[in-house]
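# An overview of the molecular structure
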Amino acid sequence: MSSVLRKKIDAGVGMPPAILQFDDFWEPLQASVASWFSGTYAIETRAIPESRRMVQGNIARSHLEKLAYFIFNSRFSPGLCAIGIDEAGVAMNAQHRLQQPSDNLEGVSELFRKLLLETPVVDLWRLVSSELSDHRAGGSQAPLTDFSAAAGGFSPAQRYLLVDFAAPKDDQVARICIVFHFDYVQQAADEFQQTAARQRQASVGKGQGGDTLRKSVKSSMIKLDGVLERLTLSIGECSRFEVGQLIALSDVDTTRVSLQAETVNGSVDIGQCEMGVWKRQRALKLKTPILEPFTRELAKL
């Protein structure tokens, strides 16, 4: 696989378009990180994300444990969960704060270098979380905690959004990883889209015409679901479900997946797909054209 293709995949792997297009999240985040790079490392940069990916909690934790990491208490920070900084970034901060070249820092312990980062990292937390309306005043209490007290506790069942930034200076490159609770960002993106839709509808109501309405509808987002199997059970059977219970899906065929669209009238089948798996990533490939009733309704817009 070419490096260019790999970078494109890493730029937004596993994320819904609603989040990738959530400019009111990405633009303030980039501005905050750029400001922090300038104050912490004296580096001027636009802070374009080097990679953005959604991972399970245990994978996010494993990634952070390779860095100098700082975890934030969910009571004060329900969205921004952690910040990790690589070895080069830790060293560059120590050089900048102690005003010493790298050769003079060989005897400085790893623990002391991390302690030198604590105040700058909390400053970055304040910058980013205030843009998210995520900052919850905690008085004099520091927001730092361990993995278990972060939003979602970094359990395998939870999802996290990892955003990596890089800032080069001379022959060094500082890299930081900012970790968000994925469901928090997803909810914020959904609310943003709903607000934008209401504003578009209000504009149409003021007489901007049918063309504006068509553009508004066509730019609206809908949810698509890939359905492997459907079961019919009685309410009594459902009421007896228990944690750990296995539910057999005897007719599952990964080459026969129903693609559904969520509409105001409920979910409707719009085509047939097959599922492909590569490592931890999954994709659906359409096997049939989108069903005519659905495309006919779209053509009327």
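Let me sum up the structure you'll find in this document. If you're wondering where the values come from, they're calculated on a predicted model, not measured in any experiment.

### Here's the deal with the side chain of Ser77
- Looking at the secondary structure, you find Ser77 in the loop between strand S2 (68-72) and strand S3 (80-85).
- At a separation of 2.5 Å, a polar atom in the side chain of Ser77 contacts the main-chain carbonyl oxygen of Leu80.

### A closer look at the pairing of strand S6 (residues 172-181)
- Of all the 10 residues making up S6, seven are buried; the element is thus mostly covered by neighbouring parts of the structure.
- Looking at chain direction, S3 and S6 are connected through five bridges and run antiparallel. Within the sheet, the bridge partner assigned to Ala82 lies in S6 and is Val179.
- Where strand S5 (residues 159-169) lies against S6, 10 bridges are found, and the strand directions are antiparallel. Looking at S6, one finds that Phe165 is bridged to Ile176.

### Some words on the pairing of S3
- Counting buried positions along S3 gives six out of six residues, so the element sits mostly inside the fold.
- Of the pairings in the sheet, the one linking S2 to S3 comprises four bridges and is antiparallel in character. Following the sheet pairing, Tyr69 is matched in S3 by Gly84.

### Quick word on the nonpolar core
- Core analysis: the largest hydrophobic core is formed by 40 residues, its most contacted members being Leu29, Ile178 and Phe180.
- Among the elements of the structure, helix H3 (23-41), S2, S3, helix H5 (87-98), helix H6 (110-131), S5, S6 and helix H7 (182-208) are those that each provide at least two residues to this core.
- Considering each element in turn, this core owes the most residues, eight residues, to H3.
- Counting residues in hydrophobic clusters, the runner-up holds 14 residues, among them Ala82, Phe147, Ala150 and Val179.

### Regarding the pattern of salt bridges
- This structure, assessed with the given rule, holds five salt bridges.
- Where Arg53 meets Asp164, a salt bridge forms, and the shortest distance between an N and an O atom there is 2.6 Å. On the criterion of sequence distance, the pair formed by Arg53 in strand S1 (residues 51-56) and Asp164 in strand S5 is long-range, its members being 111 residues apart.
- For Asp183, the salt bridge identified is with Arg159, shortest N-O distance 2.8 Å. Placement of the pair is Asp183 in helix H7 and Arg159 in strand S5, with a sequence separation of 24 residues.
- Assessed through its relative accessible area of 34%, Arg159 is described here as partly exposed.

### Examining a nonpolar patch on the surface
- Side chains of Leu228, Leu231, Leu233, Phe241, Ile247, Leu249 and Val252 sit close together on the surface and give an oily, nonpolar patch of about 550 Å² of accessible area.
- Note that Leu228 resides in the loop between strand S7 (224-227) and helix H9 (235-239).
- Judged by its relative accessible area of 33%, Leu228 falls in the partly exposed class.

### What to know about the sheet that holds S3
- Within the open sheet, the six strands sit side by side as S1-S5-S6-S3-S2-S4. Their pairing is antiparallel. Both edges of this open sheet fall to S1 and strand S4 (144-145), since each of them pairs with a single strand only.
- Strand direction decides the pairing type here: S1 and S5, joined by six bridges, are antiparallel. Among the inter-strand pairings, Arg52 is bridged to a residue of S5, identified as Val163.
- Most of the contacts of H3 go to S5, to which it runs at about 40°, and overall it touches S1, S3, S5 and S6.
- In this fold H5 packs onto S2, S3, S5 and S6, with an angle of close to 110° to the strand it touches most, S6.

### Describing the packing of H3 against H5
- One can describe the packing of H3 onto H5 by two numbers: an axis separation of 9 Å at closest approach and a directional angle of 55°. Relative to H5, the element H3 lies oblique. Side by side, H3 and H5 meet where Gly39, Thr40 and Tyr41 of the first sit next to Gly89, Val90, Met92, Asn93 and His96 of the second.
- Looking at side-chain class alone, the contact of H3 with H5 contains three nonpolar, five polar and no charged residues.

Rules of the game
- Residues numbered from 1 in each chain as written.
- Predicted model: local features only at pLDDT ≥ 70, side-chain atom pairs only at ≥ 80, totals over all residues.
- Heavy atoms only, no water.
- Helix = DSSP H or I, 4+ residues; strand = E, 2+ residues; numbered from the N terminus.
- Polar contact = N/O pair within 3.5 Å; in protein donor to acceptor, adjacent residues only side chain to side chain.
- Buried < 20%, exposed > 50% of the residue type's maximum accessible area, 1.4 Å probe, protein only.
- Pairing = 2+ DSSP bridges.
- Core = buried A, V, L, I, M, F, W, Y, C linked by side-chain atoms within 4.5 Å.
- Salt bridge = Lys/Arg side-chain N within 4 Å of Asp/Glu carboxyl O.
- Patch = residues over 30% accessible without salt bridge, like charges linked within 9 Å, V, L, I, M, F, W, Y side chains within 5 Å.
- Areas by Shrake-Rupley, 256 points an atom, 1.4 Å probe, with all protein chains shown as cover.
- Contact = heavy atoms within 4.5 Å.
- Axes fitted to C-alpha atoms, helices over the stretch in contact; angles between N-to-C directions.
- Parallel < 35°, antiparallel > 145°, perpendicular 65-115°, else oblique.
- Nonpolar A, V, L, I, M, F, W, Y, C, P; charged D, E, K, R; others polar.

These figures capture arrangement, not role.
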